[in-house]
Amino acid sequence: MATHSIDIEDFFKLRKQFPVIDVRSEGEFESGHIPQALNIPILNNAERVAVGTDYKQKGQLEAIRTGFRLVGPRLPEIIDAAQEVGEEFIVHCWRGGMRSNNFCQFVGMARQKTHQLKGGYKAYRQAALMSFEQRFEITLLSGSTGSGKSEILRALASQGEQVIDLETLASHKGSAFGGLMMPPQPSTEQFQNNLFEKILTLDPSKRVWIEDESIAIGKIFIPQPLWRQMNNSPVIEIDVAKEIRVQRLVNEYGTSNRDQFLEAMTKVIKKLGGQHFNAAKEKLLEGDMASTIDILLTYYDKAYRNNLDKKLSRVISKVTWTGESVDFVTAQLM
């Protein structure tokens with residue numbers, strides 16, 4: 001059956017109807033892929049290396065021969081995997097070249113209809129990077145550690161507000177303890193792809209809520225264009241008493257692995273100070289999580305105030321919260 005070539009604009013329309021197959025190697029796919037895409041490599045990791053080596057040492061023709069020789073025995077497996085996806089789908093490789101074209105021809109012989117993405121995954125990545133340059137009406141939600149910013153963002157989203165939850169996208173809560181009880185972080189490239197997919201759902205003319213983050217969330221960095229916008233956006237501060245924040249953090253981290261929590265504490269020894277670190281460690285080993293967190297907040301609250309002082313000209317309001325009904329806070333914000 002014939003293969004139809006589509007551009008990136010058509011891709012975003014057609015993927016609502018048809019599944020997407022990424023024919024790059026499993027290693028390329030793991031480094032970063034279009035969310036919801038399915039990976040059916042036409043060349044797996046080892047085969048891709050072999051073809052690349054032949055291309056460098058023996059030239060393009062020999063590399064093509066090597067590719068066909070390696071793929072040939074796996075053709076039935078590839079076609080079966082494609083048939084499990086459906087009768088019609090979108091196909092892409094890295095640049096929309098030989099791999100996706102060959103894949104389309106192979107499955108086409110099995111009477112499957114394909115739409116080959118011109119420019120491939122590279123075209124998608126270019127669209128993603130361009131999206132970070134887009135202007136948004138951003139409002140930053142700020143507050144000391146434990147003030148419930150993520151909970152408030154979720155509540156705002158449930159009430160129809162536009163929210164970019166960077167910590168959920170990054171699988172990290174931002175602090176030295178942010179990776180505890182969280183799934184592994186995606187690659188920076190995958191984080192950007194996930195962020196792009198969120199941006200595609202937003203109306204630029206309406207307000208977008210984002211938590212006031214540092215540029216690094218765990219091992220991942222916020223794209224520079226978006227970070228610059230955040231640095232020039234108005235800030236609303238959520239004010240929650242320390243004793244309430246301590247209890248909220250106990251509820252959040254109280255069941256975490258003690259060894260992992262202690263390991264995370266070692267990342268802030270210098271900033272916390274040896275005396276405070278030893279006191280916090282002692283309380284942790286005693287099982288006194290509330291006292292441990294109370295000591296840790298000595299550092300985190302100081303760091304937060306120093307950071308907020310640099311943004312005072314952008315703070316447009318302050319909402320005091322008891323940590324109970326989140327509806328009270330969202331009513332104040334909206």
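See above for the structure.
Residues numbered from 1 in each chain as written. Predicted model: local features only at pLDDT ≥ 70, side-chain atom pairs only at ≥ 80, totals over all residues. Heavy atoms only, no water.

**Quick word on helix α7 (residues 120-131)**
When the terminal C-alpha atoms of α7 are compared, their 17 Å separation across twelve residues agrees well with the 16 Å that a helix rising 1.5 Å per residue should span. Looking at the packing, one finds that the buried side of α7 touches α1 (8-14), β4 (88-92), β5 (113-117) and α10 (188-199). (Helix = DSSP H or I, 4+ residues; strand = E, 2+ residues; numbered from the N terminus. Expected span 1.5 Å × (residues − 1). Contact = heavy atoms within 4.5 Å.)

**Some words on unusual backbone geometry**
Positive phi, normally seen in glycine, also occurs at Q36, with a value near 80°. Mapping Q36 onto the fold places it in the loop between α2 (26-31) and β3 (38-39). Of note, the phi angle at R111 is positive, near 70°, even though the residue is not glycine. Counting through the fold element by element, R111 comes out in the loop between α6 (98-108) and β5.

**Focus on the environment of D165**
Residue placement: D165 occurs in the loop between β7 (162-164) and α9 (166-170). Residue class for D165 comes out buried when judged on its relative accessible area of 15%. In this structure the side chain of D165 is engaged in a polar contact, spanning 2.8 Å, whose partner is the side chain of T168. (Buried < 20%, exposed > 50% of the residue type's maximum accessible area, 1.4 Å probe, protein only. Polar contact = N/O pair within 3.5 Å; in protein donor to acceptor, adjacent residues only side chain to side chain.)

**Considering the pattern of salt bridges**
Any two side chains of opposite charge can pair, given that their charged atoms come close. Going through the model one piece at a time under the given rule, you end up with 13 salt bridges. Here E252 ties to K173 by a salt bridge, and the two come within 2.7 Å at their closest N and O atoms. Within this pair, whereas E252 is found in helix α12 (residues 242-253), its partner K173 is found in the loop between α9 and α10, the two being separated by 79 residues in sequence. With relative accessibility at 31%, the residue E252 sits in the partly exposed group. (Salt bridge = Lys/Arg side-chain N within 4 Å of Asp/Glu carboxyl O.)

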